[in-house]
Every structure is written in structure tokens, then in C-alpha cells.
2 protein chains.
Amino acid sequence: MPDTSVKMDTPDIYDDLHRKLVTAQFDHGEKLKSEELRQIYGCSANTIREVLFRLSTVGLVAFEEQRGFRARRTSPERQHDLTQFRILLEQEGASLSMRHGDIEWEARLSAAHHKLSHIESEVRRSGTVEPVLPLWSNAEWEFHDTLISACNSPLLRETYKTIYDQFRQQLVSRASNYGYYGDNVKEHRAILDAALARDEALCRQHIHDHLARNLIGVT
Amino acid sequence: MPDTSVKMDTPDIYDDLHRKLVTAQFDHGEKLKSEELRQIYGCSANTIREVLFRLSTVGLVAFEEQRGFRARRTSPERQHDLTQFRILLEQEGASLSMRHGDIEWEARLSAAHHKLSHIESEVRRSGTVEPVLPLWSNAEWEFHDTLISACNSPLLRETYKTIYDQFRQQLVSRASNYGYYGDNVKEHRAILDAALARDEALCRQHIHDHLARNLIGVT
DNA sequence: AGCATAATAAATTTTGAAATTACAAGATAA
DNA sequence: TTATCTTGTAATTTCAAAATTTATTATGCT
């Protein structure tokens, strides 16, 4: 909880709320009242309004005219939609990166995977994710973002980020079961190898398999 | 220009500015000053600020912290990016629609094309686009949106709309040359036929050919 | 008791002005 | 002359309070 005595400016408040939202510190559909937040951050209602507005543009917050803001509620249908869309973007981004990426890109991807796999093996050893959750969460993002980073399409990359953040918003909650991570290690490895081999079809396949697990239980 | 004496509410101001932006009534990169717009629409600077914020979320307006808003500047690079991304989304949306769409979808697509081709043939006869430009602009949008409307992915459809609007923002300006429309008629027909025949590969090809013309002159 | 209606409370939105920040032109120093 | 600093102006951003709208509770009627 931020100190009430320290005044934060708009970007800081944005970052703080963004972090809280993607780490599921609000319930799905929970009302975000200007007045409450105003007191927490020590600013005017208008500033809060603007921050929530910005957050609504990246899908983390839902806005309804005349009735304020809520933490985004993710239905199974929406989750399905998010997953399919993410697969589309990551496959395309990876394909383009494999075509345009140079040795520098390969190095960055390799490095990102190295960090990620280091954290994942620690999770494996300890059997629990909790202690390194923020670390792991960032490393996972780094890997996927680096994968598509040479796609040469700012639009695709930005769109992917907004989708990913909404994804993360609820992945954190199901992160407690370990089996998830066991497969993750293998899958990230498979994606990396295919990417470095510039095998587009195979890489697309692995990306699909990796992400499609989130579809289980949804039609 | 809206009457200064008539007060408009936020959604109206949004619509008015949105329309002006997609019909290129502002120069690329032109500064959008709160104070000026405030006087035009007869509201406070804060209301203008909120509207401009909303427009910035759909890419029509660029916002920079502490230095206000500008009409979005579209470089050749960005135009290239927009085109490629639009191709990706429309191809995927059309493919999904062909898989999920029922007879009702076919009927709507057929109707949209009928309206569009009627307007396009008028353009052909008269040799000029100007008189029916708004009509044509809407019909074109209707056709493309209907094409992907059965994709069963709200995310894809929303994203497509924001991309399309940014597209339209500058297509209007190059709409004056007639040759453009001559090919358009054939291309829309080709897309329609392939879609109704549920030939995904062919439809993707036609979508690409139709949209890729905008890439001419850009690397 | 059930339902509609009115009164109250709570929250959102807008306003107008104050405070902050960026921009531009002129002055001073190197 | 070039570069840096100052000063004045214009624009953006924040604030606190008023006005509007929505939600909640209480009241009266069938």
C-alpha cells in the first residue's frame, strides 16, 4: 500500500495501479471508486479518473459511462478470445522475427530463455512458485516479448503487450499448481530451439501448444 | 464547424472530433489545443482533455505527457505497419468467419457487397468520387466489417476497427484518383466470391492483393 | 406482504480557476 | 558567432467544489 503522506504524480499512480491489476490484487469486477483511491494516493478525483481511463484503454479496467470503473472481469469466453488472439499475434510476431532477426536477436532470445529457465528450475527444485513469482512473471514476459521483438512491427508488439497483460492478470492466480511449470520448461525450450533454427512452422506449432493449454475446459 | 451556442455532451464531442479526424480535417501532426476546442464546443478544458484521451486510445490522436495532443502523424513506416497488421487481422477474421459463419452471415455479406458495388458503379459512371465519398466510405467499411463479423472474436473485431479507422484517416485523401476505384470493384467481388465459396486460401490471397496496394512506394 | 413511488445518500462528471510545466525570444557570457 | 541563461507567455495539468446522475433506502398504496 502506498504511503499516504508521499504524493505521487500521474505516471507513478498509473504504474502502481497497473502493477496491482496485473498481479490480481483486485477481485474481478471489483468497483474502483474515485473517492477511495483519491484518499490512498493523495490526489484529486480527476487525477484518479484520468489514470483509470488510461488503464481502461489497455483492457485492464472496464469503464461504463456514468457508472465508473471496475477491475476487468474475465469470462471464460473472453479468456478463450484472449488466448486465440495471443496465439495469432505471437505466431505472426515470431515468424516475422525469424525472417528479420539477426544474430543480435538470437543472442537476446537466448539470454532471455537462460534467465527464465534458471528461475523455472528453481521452482522445480523447491516445488513452490510463490517466492519467485514476480521474478518468474517478468522473465516469462521477457522471453515472449523478445521472441517477437524483431518482427519490425510496433503495432503488433504493442497489441501483444496489452493482450499479455490481461493474460497475466489471471495467470497469476492459477500459478499455484506446480504441474503448470513442469511443462512450461519443456515448452519454452521447444519454442527457443525452433526459433533459433528458423523453422517457422515448427515454432508456430510449439507456440500454439504452449498457449492453448489455457483453453482447457472452455469450448 | 459546430455551433458555439449549442452545448454538446461528451459523446457528441467525441463523435464530432472522430469524424473530423477520419475525414482528414486536421493536418497530420496538427496541435489540438484544449483552449481552442473548448471555445468551439462550449465546454471546459477538462472535458476536451477526456475526449482527446479517448481518441488517443484508438490511435487517431497522439498524446505526449506535458505537451498535449496532436492529430496522429502517419509516416510511411507506420502506414506500412498498419497495412501489414490489417492484412493479418482481416485474413484471420475472414478465415474464422468462413468456418463459423452461417447462411445469415452469407446473406449480410452479400447485401453489404451489393450496396458497395452499387456505389462503386456510380463512381465509375460519373468518373468522380467526391459526391458520394461519405457514402462510399461507409459502405466499404460495412463490407470489410461484415466479412470478419462471424469470426466469433470480439477482440479481433475491435482491434480491426481501430486499425481501419487509422487507415481511413488517410485513404480519404488519396481517394481522388479514380484508378483506385476501378480495381476496387473487381477486388471486392473476388473477396466476396471466395468467401461465399468458403475457399480460405483464395480469400486470403484476394484480401492480401486488395490491401497490399497501399504498400506501393514503401519498402 | 408486494410493488411502485418518492426521498435520501453516494458516486460520477463537469466546471472554473490555480498551479505547474513547456516554449520562445531576448540578453548575457564565452 | 555560438551557447547558455533568463524572462515572459502560452499551454497543460491539477485541484476543490458544484451539478448531474445513479444507487439505496424509506414510504405509501393496493
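Looking at an unreviewed UniProt entry, one finds chain A named Putative biotin regulatory protein BioR (GntR family) and attributed to Litoreibacter arenae DSM 19593.

**Student:** Looking at this structure, how should I read helix H6 (residues 133–147) of chain A?
**Tutor:** With 15 residues, H6(A) extends 21 Å from end C-alpha to end C-alpha; this agrees with the ideal 21 Å at 1.5 Å per step. The element H6(A) is extensively covered by neighbouring structure, given that eleven of its 15 residues are classed as buried.

**Student:** So what exactly am I meant to see when it comes to the pattern of salt bridges here?
**Tutor:** Pairing between side chains becomes possible if they bear opposite charge and their charged atoms approach one another. Counted according to the given criterion, the structure contains 32 salt bridges over all chains. For Arg198(A), the salt bridge goes to Glu106(A), with nearest N and O atoms at 2.5 Å. Taken together, the residues span a long stretch of sequence, with Arg198(A) in the loop between helix H8 (179–196) and helix H9 (200–212) and Glu106(A) in helix H5 (residues 103–126) at a distance of 92 residues. According to the relative accessible area criterion, Glu106(A) is partly exposed, its value standing at 21%. Salt bridges sharing partners connect three or more residues here, namely Arg49(A), Glu65(A), Glu50(B) and Arg54(B).

**Student:** Looking at this structure, how should I read the sheet that holds strand S3 (residues 69–71) of chain A?
**Tutor:** Residues and elements named next belong to chain A. Taken in spatial order, the three strands of this open sheet run S1-S3-S2, and their pairing is antiparallel. The sheet is open, and its two edges are formed by strand S1 (31–32) and strand S2 (61–63), each paired on a single side. Two strands pair when backbone bridges link them, and S2 and S3 are joined in this way by three bridges, in the antiparallel orientation. Looking at S3, one finds that Ala 62 is bridged to Arg 70.

**Student:** Help me understand the protein's contact with DNA strand D, please; the structure alone is not making it clear to me.
**Tutor:** In the vicinity of DNA strand D, 20 residues are found, and the nearest of them are Thr10(A), Ser44(A), Thr47(A), Arg49(B) and Gln66(B). Near the protein, meaning within 4 Å, the atoms of DNA strand D are sugar or phosphate in a fraction of 80%, with bases accounting for the rest. One of the backbone N or O atoms of Ser34(B) is found 3.4 Å from a phosphate oxygen in DNA strand D. Broken down by secondary-structure element, the contributors of at least two residues to the surface near DNA strand D are helix H3 (45–57) of chain A together with strand S1 (31–32) and helix H3 (45–57) of chain B. For the surface near DNA strand D, the class distribution of residues is three nonpolar, nine polar and eight charged.

**Student:** So what exactly am I meant to see when it comes to a positive patch on the surface here?
**Tutor:** On the surface, a cluster of positive charge is made up of Lys31(A), Lys33(A), Arg70(A) and Arg73(A). In this structure, Arg70(A) sits in strand S3.

**Student:** Sorry, what's going on with the environment of His18(B) here?
**Tutor:** All names here are of chain B. Mapped onto the fold, His 18 is located in helix H1 (residues 10–22). Spatially, the C-alpha atoms of His 18 and Leu 52 are 9.5 Å apart, while their sequence positions differ by 34 residues. With residues up to four places along the chain from it excluded, the contact list for His 18 reads Leu 55, Leu 60 and Asp 165.

About the criteria used
- What you see as residue numbers is a count from 1 along each chain, following the sequence as written.
- Going through the entries in the order they are written, you letter the chains from A and number the ligands from 1.
- Since the coordinates come from a predicted model, pLDDT governs what is reported: local features require at least 70, and pairs of side-chain atoms require 80 or more to be given and counted, while whole-chain, interface and lining totals use all residues.
- Computation of side-chain values: all heavy atoms of the structure, hydrogens and water removed.
- Helix and strand assignments come from DSSP, with helices taken as H or I runs of at least 4 residues and strands as E runs of at least 2, each series counted from the N terminus.
- Take the number of residues in a helix, subtract one, and multiply by 1.5 Å to get its expected span.
- Accessible area is worked out with a 1.4 Å probe on protein chains only. A residue is then buried under 20% of its type maximum, exposed over 50%, and partly exposed in between.
- In the sections that follow, a salt bridge refers to a side-chain nitrogen of Lys or Arg positioned within 4 Å of a carboxyl oxygen of Asp or Glu.
- DSSP-based pairing: two strands are paired if at least 2 bridges between them are found.
- Proximity is defined per residue: any heavy atom of the residue falling within 4 Å of a molecule or strand makes that residue near it.
- Within 3.5 Å is the distance limit for a polar contact, defined as a pair of N or O atoms, with the added protein rule that one can donate a hydrogen and the other accept it, and that residues adjacent in sequence qualify only through two side-chain atoms.
- Note on residue classes: Ala, Val, Leu, Ile, Met, Phe, Trp, Tyr, Cys and Pro are nonpolar, Asp, Glu, Lys and Arg are charged, and everything else, Gly too, is polar.
- To count toward a patch, a residue needs a relative accessible area over 30% and no salt bridge; like charges are then connected within 9 Å, while nonpolar side chains (Val, Leu, Ile, Met, Phe, Trp, Tyr) are connected within 5 Å.
- Computed with a 1.4 Å probe, the accessible areas rest on the Shrake-Rupley method; for each residue, only the protein chains presented here act as cover.
- For this count, His and the chain ends are skipped, Lys and Arg are scored as positive, and Asp and Glu as negative.
- We put the charge of a Lys on NZ, of an Arg on CZ, of an Asp on CG and of a Glu on CD.
- Contact between two residues is taken to exist if any of their heavy atoms lie within 4.5 Å; hydrogens are not considered.

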